[in-house]
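A look at the structure
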Amino acid sequence: MSFHDYALTITIFFPLLGVLVLFFTPKNSVRSIKLTGFVSTLIVFILSLYLFFGFESDNPSFQFQQQVTWISGLNIGYTIGIDGMALLLIVLTAFLTPLALLGTWNSVEHRLKEYTMMVLLLELGMVGVFAALDLFLFYMFWEAMLIPMYFIIGIWGGQDRVYAAIKFFLYTLFGSLLMLVAILALGYFASTLPEGEFTTNLATLYAVAQHIPLNLQLWMFAAFALSFAIKVPLFPLHTWLPDAHVQAPTAGSVILAGVLLKMGTYGFLRFCLPLFPEASLRLTPVLCVLAVVGIIYGALVAMVQTDIKKLVAYSSVSHLGFVVLGIFAMTEEGIQGAIIQMVNHGLSTGALFLLVGMIYDRTHTRTISDFGGVAKLMPVYATFFLVISLSSIGLPGLNGFVGEFLVLLGAFKSAVLGTYAYAAIAGIGVILSAVYLLWMYQRVMLGPVREGAVYAGHKLSDITKREMVALGFIVIFVVWIGVYPGTFLKKSAWTAKTVVTLMENVQRGFQPRYAEWPLKVPNENK
């Protein structure tokens, strides 16, 4: 067996090695703790690059597969593998985690050792979610990443951190339990078929999907979709998000926005559409209406915020509405746009939270009215803030434009949606994003230094070289995706093609057999 065969498993569990090293590191060895956390996450990123460059874009199968029987009596196994969508999200996770630690190097002083351990455990859970090809294993990783994020918010968060952490935990747990019930029901349904048996193996369940009656599909889809909609979060299930973002420490906000929210949109594409295709088609109008409402609502609420961090939090509700719209447009352009927009949002919004954290560390305020003329005192910081804001708005030449353009194109072309209304209304959200971000930038960065500002009469230090490196790497990818998105789009092309082909067949009344499903996954029952 070669390294290639175990590369994905090593990428998932390498953070555990960092946790083990930290366990034996003295609490007062601050520098050692920081370096251990950063180096561990950096090695995970290097491992993810091995996956990226070793991934065959023209191969429709899941790659880097590994399969080990776990609970033989229930046909539950440690089954992992990645397609292009999972690959991009794993690389995004591994990219943002070390930058979140680097960009907030001196932000956390209280219980630093435990904080760094929680970040590493969170990274393990996030990568595992994107790699799992067994529903029980997926659920274990899904729940595993909930616990460290709960502690990161609850221990190292702001003044109302306990309230925000409990709200985050209860919302997510409620959705997760419903999904668990649906997983068990799906496995049981598989056992009722001729020569069938209980299983949570995704390969087998993809084959079982064609036999599930519509009424049962609707219930199962609802259970899965509610869990994923809470995680996105989709309007009106978004109310936990602003509290969690505002109270979380900066690194927690970066990871929450950059990666955790993508688990919901990932779940729609990986599970809801292929497992419950008829239900997905029936409920597409509902999901798209909620997506479009979320786009406009999130933008309007962001516009009236007085706290910069809360403004960025509500912008996530708006931007992820585009992702959901692209998914349920069920066109190749829409799904490709949704996948690349997941990456774009992780980069742009993650960078915005880093930038907000940097100014907060210097001024200890995030209230917009407390600022003014920051660009005069911190010109490099203001330049980075402008580039990232423009990328979030969707300026041509930067990453946000590519995702939003493909989503809107897919929605216009969608035979499933059957109307231009969704795309037309969503387009207003692009305009509104320019309004709230540029208006915020003008009030904070431009003009004279405001009288009464907490930094008036004091020298406000510009960003350090360390902070510049963290932001600089994000800007490189912001421009790369904006100028040449093909590097990343070709990785996820088969994922989009597969889902669209399945949905078109279902629309025509033809249910494909598993043998005709292009994405082959390991099946321990064969």
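Residues numbered from 1 in each chain as written. Predicted model: local features only at pLDDT ≥ 70, side-chain atom pairs only at ≥ 80, totals over all residues. Heavy atoms only, no water.

1. Some thoughts on the overall build of the protein
To keep things clear, this is the line we draw: Numbering of helices and strands runs from the N terminus, with a helix taken as a DSSP run of H or I at least four residues long and a strand as a DSSP run of E at least two residues long. With C-alpha atoms as the basis for the radius of gyration, the globule rule is written as 2.2 Å multiplied by the number of residues raised to the power 0.38. Note on classification: 1.4 Å probe, protein chains only; a residue is buried when its accessible area is under 20% of the maximum for its type, exposed when over 50%, partly exposed between these limits. By the convention used here, residues are in contact when the closest approach between their heavy atoms is within 4.5 Å. What sets the accessible areas is the Shrake-Rupley method with a 1.4 Å probe; for residues, cover comes only from the shown protein chains.
Helices and strands together make up the secondary structure of the protein, namely 21 helices and two strands. Taken against the 2.2 N^0.38 rule, which gives 24 Å for 526 residues, the C-alpha radius of gyration of the protein at 22 Å falls within 12% of a compact globule. Judged by the C-alpha coordinates and their principal axes, the protein covers about 80 × 55 × 40 Å. Counting every position in the protein, which comprises 526 residues, the buried fraction comes to 62%. Looking at the protein alone, contacts between residues at least 24 apart form 81% of all its contacts between residues at least 6 apart. Carbon and sulfur atoms make up 67% of the accessible area of the protein, which amounts to about 19,000 Å² in all.

2. Some details on the pattern of salt bridges
Inclusion rule: Definition used for salt bridges: Asp or Glu carboxyl oxygen within 4 Å of a side-chain nitrogen of Lys or Arg.
Applying the stated rule across the entire model yields six salt bridges. Between Arg366 and Asp307 there is a salt bridge whose closest N-O contact spans 3.4 Å. Here Arg366, found in the loop between helix 15 (332–363) and helix 16 (374–377), pairs with Asp307, found in the loop between helix 13 (277–303) and helix 14 (308–329); they are 59 residues apart in sequence, far enough to count as distant. Note that Arg362 is salt-bridged to Glu467, the shortest N-O span being 2.8 Å. Here Glu467 lies in helix 20 (residues 465–483) and Arg362 lies in helix 15, a separation of 105 residues in the sequence. For Arg362, a relative accessible area of 21% gives the class partly exposed.

3. Brief notes about the packing of helix 12 (residues 262–275) against helix 21 (residues 486–507)
Defined as follows: The convention used is that axes are lines fitted to C-alpha atoms, helices contributing only their stretch in contact, and that angles between N-to-C directions extend from 0 to 180 degrees. Our angle categories are set so that under 35 degrees counts as roughly parallel, over 145 as roughly antiparallel, 65 to 115 as roughly perpendicular, and the remainder as oblique. If you view the pair so one helix is near and one far, a crossing is left-handed when the near helix is turned anticlockwise from the far one by less than a right angle, and right-handed when it is turned clockwise.
Interhelical geometry of helix 12 versus helix 21 gives an angle of 20° and a closest axis separation of 10 Å. Judged on the interaxial angle alone, helix 21 and helix 12 are roughly parallel. Here the hand of the crossing between helix 12 and helix 21 comes out left-handed. Contacts between helix 12 and helix 21 pair Leu269, Leu273 and Pro274 from the former with Val499, Leu502 and Met503 from the latter.

4. Some details on unusual backbone geometry
Of note, the bond from Val232 into Pro233 is cis; its omega dihedral lies within 30 degrees of zero at -10°. Residue placement: Pro233 occurs in the loop between helix 9 (214–231) and helix 10 (240–247). Here the amide bond leading from Phe235 into Pro236 is cis, since omega sits at 5°, within 30 degrees of zero. Mapped onto the fold, Pro236 is located in the loop between helix 9 and helix 10. Residues other than glycine seldom take positive phi values, yet Arg111 does so here, at roughly 50°.

5. Brief notes about helix 21
For clarity, the cut-off: Working rule for helices: expected span equals 1.5 Å times residues minus one. Across the chain, bend at a residue is computed as the angle between axes fitted to the seven residues ending at that point and the seven starting from it.
The terminal C-alpha atoms of helix 21, which comprises 22 residues, lie 30 Å apart, in line with the 32 Å expected from a rise of 1.5 Å per residue. Its axis deflected by about 45° at Ser492, helix 21 carries its strongest bend there.

6. Examining the side chain of His319
Structurally, His319 can be placed in helix 14. Residue His319 is classed as buried on the basis of its relative accessible area, which comes to 4%. With residues up to four places along the chain from it excluded, the contact list for His319 reads His345, Ser392, Glu404, Ser433 and Tyr436.

7. With respect to the side chain of Lys262
Filter applied, for reference: Charged residues are defined narrowly, with Lys and Arg counted positive, Asp and Glu counted negative, and His plus the chain ends left uncounted.
As for its placement among the helices and strands, Lys262 is situated in helix 12. No salt bridge is formed by the buried Lys262. Its closest oppositely charged neighbour is Glu404, at 13 Å. When residues no more than four places from it in sequence are discounted, the contact partners of Lys262 are Leu89, Ala257, Leu320, Met342, His345 and Gly346.

8. Focus on the packing of aromatic side chains
Definition in use: Classification of ring pairs uses Phe, Tyr and Trp, with its six-membered ring standing for Trp, and accepts pairs whose centres are within 6.5 Å; under 30 degrees between planes counts as stacked, over 60 as edge-to-face, and the remaining range as tilted. A ring has a charge above it when a Lys NZ or an Arg CZ is no more than 6 Å from the ring centre and no more than 35 degrees off the ring normal.
Throughout the structure, instances matching the rule amount to 34 aromatic pairs. Between Phe45 and Phe95, the aromatic rings sit 5.6 Å apart at their centres with planes inclined by 50°, giving tilted as the arrangement. Taken together, the residues Phe45 in helix 2 (residues 30–54) and Phe95 in helix 3 (residues 84–103) connect sequence positions 50 residues apart. Their ring planes at 75° and their centres at 6.5 Å tell us that Phe138 and Phe228 sit as a pair that is edge-to-face. Placement of Phe138 in helix 5 (residues 135–144) and of Phe228 in helix 9 is noted, with a sequence separation of 90 residues between them. Like Phe228, Phe138 is buried. The ring centre of Tyr360 lies 5.0 Å from the NZ or CZ of Arg366, which sits over that ring. Against the face of Phe52 rests Lys491, its NZ or CZ located 4.6 Å from the ring centre.

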